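Given next are the chains, with one letter for each unit.
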Amino acid sequence: MNQYYVYILSSKHKNIYVGVTNDLQRRVYEHKHKLYNGYTKKYNVDRLVYYESFGDITQAINRETQLKGWLRKKKDLLIEAMNPNWKDLSEEWLKP
């Protein structure tokens with residue numbers, strides 16, 4: 001069964017980015033290493049602060065679209081419900 005993820009990244013200044021992927025670890029690695037030009041590279045948005053998983057790509061894309069449409073305050077509350085301190089949830093993946 002395939003897994004798809006909707007995720008939210010943050011910078012240390014709490015700029016946020018909402019995305020969708022089928023490989024969360026790879027995608028976070030790409031953001032952390034600034035492999036692509038764009039918003040996350042420009043604003044150093046590379047901390048995984050929230051994610052959800054789905055078994056269906058359509059559900060994941062619909063959820064991404066929904067979150068992108070939310071006001072910032074609502075996104076902050078969603079993050080803080082799962083991750084009150086905005087800790088980088090990918091920190092453990094990157095340890096040698």
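Residues numbered from 1 in each chain as written. Predicted model: local features only at pLDDT ≥ 70, side-chain atom pairs only at ≥ 80, totals over all residues. Heavy atoms only, no water.

As for unusual backbone geometry
So, step 1. In the Ramachandran plot, K34 falls in the positive-phi region, its phi being about 50 degrees despite a non-glycine side chain.
So, step 2. Phi angles above zero are rare outside glycine, and W86 is one such case at about 55 degrees.
So, step 3. Looking at where W86 falls in the secondary structure, it is placed in the segment after helix 4 (72-82).
So, step 4. A relative accessible area of 8% places W86 in the buried class. (Helix = DSSP H or I, 4+ residues; strand = E, 2+ residues; numbered from the N terminus. Buried < 20%, exposed > 50% of the residue type's maximum accessible area, 1.4 Å probe, protein only.)

Looking at the nonpolar core
So, step 1. In terms of nonpolar packing, the biggest core is built from 14 residues, with V6, I8, L67, L78 and I79 touching the most fellow members.
So, step 2. Breaking this core down by element, the ones donating at least two residues are strand 1 (4-10), strand 2 (16-21), strand 3 (47-54), helix 3 (57-69) and helix 4.
So, step 3. Once you skip the residues sitting within four places of it in the chain, I79 turns out to touch I8, I16, V49, Y50, P84 and W86.
So, step 4. In terms of nonpolar packing, the next biggest core, distinct from the first, is built from 7 residues, Y5, Y7, L24 and V28 among them. (Core = buried A, V, L, I, M, F, W, Y, C linked by side-chain atoms within 4.5 Å. Contact = heavy atoms within 4.5 Å.)

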